[in-house]
Every structure is written in structure tokens, then in C-alpha cells.
Amino acid sequence: MVAWLLFVHVLSAMVWLGGGLTLMVAGLRVRSSSRPEAVAEFARTVPFVGLRILMPAVVVLLVTGVWQVLASSAWSFSQLWVRLALGLFILAFLVGAIYLSRVGIGLARATTDNRLASEGAALLNRWLVGYVVVLGLLVVAVWDMIFKPGL
Ligand code: HEM
């Protein structure tokens, strides 16, 4: 049972990290594109992928992570690495759910209103920086899962 939870947990971490990295590389390509409609297309792709792929992976990751701690006698919520995991998850979730979704909505508005192309480019830059932060937090989380500081 715990092995299956770990299996699903690792798969969802791969989807979140891999999906996010792919989206970020696509964003970098859009930034250097000379086509003005590329930013608008990207602004529509982000929520499409976010809601269908990333959000479910984030929820499954948390559920299977917490479930493993509850189901296995080896892990407990008093362990430093488990607390770190929860802290990193909450931080990554907050940056994604609050900062990135607000920037994403702004980006979609700026492109549908046909406002200045420079405004879209600035918002895209902010989105990219936010995503670098999320991916950095996720890499630290993978380190934490494997090295388990405090154990
Ligand atoms: C923040 C995002 C997270 C990522 C990217 C992530 C990733 C991973 C990975 C790659 C493993 C496999 C490590 C190994 O087998 O050596 C793992 C294991 C595990 N994770 Fe997470 N995890 C995250 C969050 C969480 C959370 C929030 C919890 C629970 C509070 C949690 C609990 C666990 C447990 C109990 C294991 C099993 C450890 C073992 O069997 O050695 N994870 N995680």
C-alpha cells in the first residue's frame, strides 16, 4: 500500500516539475519570439495546462505525501524533513496559486485588451521569474525527500 502511494507521489512530482519546466521553456521561447500574438497564445495555454495537468498533480502530490506519513510507522509529522516538505509545498503552492495566477490573469487581460505589447512582455517576465522560484522550491523538496535532513 505505502509503495503504491510512493509510486503515485513520485509520478505526480514528475508531472508538476516536468510540466512546469516545459511551460517555462515555452514561455522563454515566447519572450524571444517576434510574433506579437505569441504572448496571447501563451496566456491562453498557461491556464489550460495549469488546470488540467499541474493542479491535479499538486493535489495528488499532497494527498499521497500526507497519506504516506500517516500510513507508515517510519514517518511522523514531528520529523524535520516532513515539516520541511510541508513548508516547501505550502510556499510553492502559494507562489503558484496567488502570485502566478494573478500575473497569468493580468497577462490574459493585457493581451485581449490589445494593450501595449511591452506590458505583456513585462508580465511574461514576472511570470517566468515566479516559475523559476516554484521550480527551485520543488528541487529543494526533492533533495529533502531523498536526503531527509534530521534523520
Ligand atoms: C513539495 C513537493 C514534493 C516533492 C517534489 C516530493 C517528491 C518526492 C520524491 C521524489 C520522493 C521519492 C524519494 C525516495 O523514494 O527516495 C518522495 C517521497 C516521499 N514524500 Fe514527497 N514530495 C513533495 C512533498 C511531500 C509532502 C508535502 C509530504 C508529506 C507531508 C511528502 C511525503 C513523502 C514521503 C513520506 C515520502 C516517502 C519517503 C521514503 O519512502 O523514503 N512529500 N517525495
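What comes next is a walk through the structure.

The rules behind each value
Residues numbered from 1 in each chain as written. Predicted model: local features only at pLDDT ≥ 70, side-chain atom pairs only at ≥ 80, totals over all residues. Helix = DSSP H or I, 4+ residues; strand = E, 2+ residues; numbered from the N terminus. Buried ≥ 20, exposed ≤ 12 C-beta atoms within 10 Å, placed from the backbone. Contact = placed C-beta atoms within 7 Å. Expected span 1.5 Å × (residues − 1). Near = placed C-beta within 6 Å. Core = buried A, V, L, I, M, F, W, Y, C linked by C-beta atoms within 7 Å.

**Here we look at the overall build of the chain**
Then comes step 1: Check the secondary structure of the chain and you find 4 helices and 0 strands.
Then comes step 2: Principal-axis analysis of the C-alpha atoms gives the chain an extent of 55 × 25 × 20 Å.
Then comes step 3: The 151 residues of the chain split such that 25% are buried.
Then comes step 4: Nonlocal contacts in the chain, meaning residues at least 24 apart in sequence, comprise 79% of its contacts between residues at least 6 apart.

**Remarks on helix H1 (residues 2-31)**
Then comes step 1: Taking 1.5 Å per residue, 30 residues should reach 44 Å; H1 reaches 43 Å between its end C-alpha atoms and fits that length.
Then comes step 2: Residues His9, Ser12, Ala13, Trp16, Gly20, Leu23 and Val30 constitute the buried set of H1.

**Some thoughts on the site of the ligand**
Then comes step 1: In the vicinity of the ligand, 22 residues are found, and the nearest of them are Gly65, Gln68, Ala85, Ala141 and Met145.
Then comes step 2: Going through the elements one at a time, H1, helix H2 (37-71), helix H3 (80-112) and helix H4 (117-147) are the ones with two or more residues in the shell around the ligand.

**A look at the nonpolar core**
Across soluble globular proteins, you tend to see nonpolar side chains buried next to one another.
Then comes step 1: In this structure, Leu107, Leu123, Leu124 and Trp127 are the most contacted members of the largest nonpolar core, which totals 20 residues.
Then comes step 2: Where this core is concerned, the elements lending two or more residues are H1, H2, H3 and H4.
Then comes step 3: The dominant element in this core, judged by the number of residues it contributes, is H3, at 8 residues.
Then comes step 4: Once residues within four sequence positions are removed from consideration, Leu123 is found in contact with Val103, Gly106, Leu107 and Ala110.
Then comes step 5: Listed in part, the 6 residues of the second largest apolar core include Ala13, Trp16, Val58 and Leu61.

**Concerning the environment of Val103**
Then comes step 1: Its location among the elements puts Val103 in helix H3.
Then comes step 2: In this structure Val103 comes out as buried when scored by C-beta crowding, with 21 C-beta atoms within 10 Å.
Then comes step 3: Sequence separation between Val103 and Phe89 is 14 residues, and the spatial gap between their C-alpha atoms is 20 Å.
Then comes step 4: Ignoring anything within four residues of it in the chain, the contact list for Val103 reads Leu123, Arg126, Trp127 and Gly130.

**A look at unusual backbone geometry**
Then comes step 1: Within the chain, Lys148 stands out as a residue other than glycine whose phi angle is a positive 45°.
Then comes step 2: Counting through the fold element by element, Lys148 comes out in the segment after H4.

**Details of the environment of Gly150**
Then comes step 1: Take Gly150: it is sitting in the segment after H4.
Then comes step 2: Judged by the 12 C-beta atoms lying within 10 Å of it, Gly150 falls in the exposed class.
Then comes step 3: Distance in space between the C-alpha atoms of Gly150 and Leu80 is 5.6 Å, their sequence separation being 70 residues.
Then comes step 4: Contacts of Gly150, omitting those with residues within four sequence positions, involve Gln79, Leu80 and Trp81.

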